[in-house]
Amino acid sequence: RSEAKALQHSQEHNSKAVVSLLDVVEADVIFTCLPTSKEVDDVLRKLEQELRPGTVIVDCTSGQPEYSRQIAERLDKQGVGFVDAPVSGGPRGAEAGTLTVMAGGCRDTLEKARCAIEAFSRKIVHAGEKPGSG
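My aim in this report is to walk through the structure given alongside it, one point at a time. (Residues numbered from 1 in each chain as written. Predicted model: local features only at pLDDT ≥ 70, side-chain atom pairs only at ≥ 80, totals over all residues. Heavy atoms only, no water.)

What follows covers the packing of helix α2 (residues 37-47) against helix α3 (residues 65-76). Running from N to C, α2 and α3 point in directions that differ by 15 degrees, and their axes come no closer than 10 Å. Taken together, α2 and α3 sit at an angle that is classed as roughly parallel. In this structure, α2 crosses over α3, and the sense of that crossing is left-handed. Contacts between α2 and α3 involve S37, K38, V40, D41, L44 and R45 from the first element and Y67, I71, R74 and L75 from the second. Partitioned by chemical class, the residues of the contact of α2 with α3 number five nonpolar, one polar and four charged. (Axes fitted to C-alpha atoms, helices over the stretch in contact; angles between N-to-C directions. Helix = DSSP H or I, 4+ residues; strand = E, 2+ residues; numbered from the N terminus. Parallel < 35°, antiparallel > 145°, perpendicular 65-115°, else oblique. Left-handed = near helix turned anticlockwise from the far one by under 90°. Contact = heavy atoms within 4.5 Å. Nonpolar A, V, L, I, M, F, W, Y, C, P; charged D, E, K, R; others polar.)

Rendered as structure tokens:
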């Protein structure tokens with residue numbers, strides 16, 4: 001949300017803070033959690049040309065399934081995986097690491113991101129092989 005919050009989070013959780021949106025393309029797993037699927041699409045379009053094959057995008061937005069499928073199809077052409085992974089449990093669950101994640105997408109892609117998802121969730125439900133089913 002801000003550079004100061006990113007730096008504070010990185011110190012508290014031994015993570016790497018990024019100041020520029022384009023810096024996130026260095027990650028193997030990239031998370032989005034935005035108000036709507038349109039914002040997710042807007043952000044990913046800004047990153048798209050810089051994403052490396054093998055990268056996995058995990059979208060925790062409670063978005064529109066059709067939008068998720070379109071994003072996944074577009075990214076797949078670059079060898080980038082996409083899992084839609086809306087969550088249940090609210091801010092307290094996120095802080096406690098007890099969220100439930102309903103993941104939609106290829107099981108192999110989900111497995112690549114599982115360790116990162118488990119950092120904030122207690123339960124991961126694979127809801128289907130196609131993005132948009134989460």
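The next point concerns α2. Along α2, the positions that sit buried rather than exposed are S37, V40, D41, L44 and L47. For α2, the arc enclosing every buried residue in end-on projection is 125 degrees, short of the 170-degree limit, so these residues lie on one face. (Buried < 20%, exposed > 50% of the residue type's maximum accessible area, 1.4 Å probe, protein only. Arc of directions from axis to C-beta.)

Approximately 280 Å³ is the volume found for the second largest pocket. Lining the second largest pocket are 16 residues; nearest its centre among them are A72, D76, F82, C106 and P131. Taken together, the elements giving at least two residues each to the lining of the second largest pocket come down to α3, β3 (81-84) and α5 (107-118). The element that contributes the greatest number of residues to the lining of the second largest pocket is α3, accounting for four residues. Split into classes, the residues belonging to the lining of the second largest pocket amount to six nonpolar, five polar and five charged. (1 Å grid on protein atoms, 1.4 Å probe; cavity = no way out; pocket = protein on both sides within 12 Å on 5 of 7 lines; lining within 4 Å. Points joined across faces, edges and corners; volume = space filled by probe spheres on them.)

Turning our attention to unusual backbone geometry. A positive phi angle, near 50 degrees, is found at N14, a position not held by glycine. Inspection of the secondary structure puts N14 in the loop between α1 (3-13) and β1 (29-32). Overall, N14 belongs to the exposed group, its relative accessible area being 76%.

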